[in-house]
Amino acid sequence: MNPLPEFVLRFQEYDRTAAELAGGAYSGTGNRVNLGETLTDMNGNYIFRFSMSISEVVDEALTDVAVGENAFCRRCRT
């Protein structure tokens, strides 16, 4: 891989579809929310800076959690 100087990178939050939450394969058709963009410097370095509102965090915990997942710990299993 090579550095990408002065490159724009957009990042999004992806909400899984009901089928994906039920264990289905990734479809890419879920809702997306733009979280921000970043621009690399002349050496290809970048820093991510974004935030979610309290209502977005609550919505994420209530609607984007599959059976067996812990809404507050993505690595944890219940």
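Note that the coordinates shown come from a computational prediction; the quantities given were computed from them, not determined experimentally.

(A) Focus on the overall build of the protein. Regarding its fold elements, the protein presents two helices and four strands. Every one of the 78 residues in the protein was classed for burial, and the buried ones make up 21%. Relative to all contacts within the protein whose residues are 6 or more apart in sequence, the contacts with residues 24 or more apart total 50%. Carbon and sulfur atoms make up 56% of the accessible area of the protein, which amounts to about 6,300 Å² in all.

(B) Just unusual backbone geometry, in detail. In this model, Glu-6 sits at a positive phi of 50°, which is unusual for a non-glycine residue. For Glu-6, a relative accessible area of 62% gives the class exposed.

(C) Main features of a nonpolar patch on the surface. A cluster of nonpolar side chains, namely Ile-54, Val-58 and Leu-62, defines an oily patch on the protein surface of about 340 Å² accessible area. As for its placement among the helices and strands, Ile-54 is situated in helix H2 (residues 54-63).

(D) Spotlight on the environment of Pro-5. Among the structural elements, Pro-5 can be located in the segment before strand S1 (8-14). For Pro-5, a relative accessible area of 47% corresponds to the partly exposed category. Residues Pro-5 and Asn-43, 38 residues apart in the sequence, show an inter-C-alpha distance of 5.4 Å.

(E) Seen up close, the confidence of the model for the protein. Chain-level statistics for the protein give a pLDDT mean of 83 and a share of 90% at 70 or above. Looking over the protein, one finds the lowest element-wise mean pLDDT in strand S4 (residues 73-77), namely 60, and the highest in helix H1 (residues 18-21), namely 93.

(F) Structural view of the environment of Phe-11. Positionally, Phe-11 belongs in strand S1. Overall, Phe-11 belongs to the buried group, its relative accessible area being 11%. The sequence separation of Phe-11 and Gly-36 amounts to 25 residues, and the corresponding C-alpha distance is 5.8 Å.

(G) Geometry of the side chain of Thr-40. Tracing the backbone through its elements, the reader meets Thr-40 in the loop between strand S2 (32-39) and H2. Only 2.7 Å separates the side chain of Thr-40 from the backbone nitrogen of Phe-7, close enough to count as a polar contact. Setting aside residues no more than four positions away along its own chain, Thr-40 makes contact with Leu-4, Pro-5, Glu-6, Phe-7, Asn-45 and Tyr-46.

About the cut-offs
- Residues numbered from 1 in each chain as written.
- Predicted model: local features only at pLDDT ≥ 70, side-chain atom pairs only at ≥ 80, totals over all residues.
- Heavy atoms only, no water.
- Helix = DSSP H or I, 4+ residues; strand = E, 2+ residues; numbered from the N terminus.
- Buried < 20%, exposed > 50% of the residue type's maximum accessible area, 1.4 Å probe, protein only.
- Contact = heavy atoms within 4.5 Å.
- Areas by Shrake-Rupley, 256 points an atom, 1.4 Å probe, with all protein chains shown as cover.
- Patch = residues over 30% accessible without salt bridge, like charges linked within 9 Å, V, L, I, M, F, W, Y side chains within 5 Å.
- Salt bridge = Lys/Arg side-chain N within 4 Å of Asp/Glu carboxyl O.
- pLDDT = per-residue confidence, 0-100.
- Polar contact = N/O pair within 3.5 Å; in protein donor to acceptor, adjacent residues only side chain to side chain.

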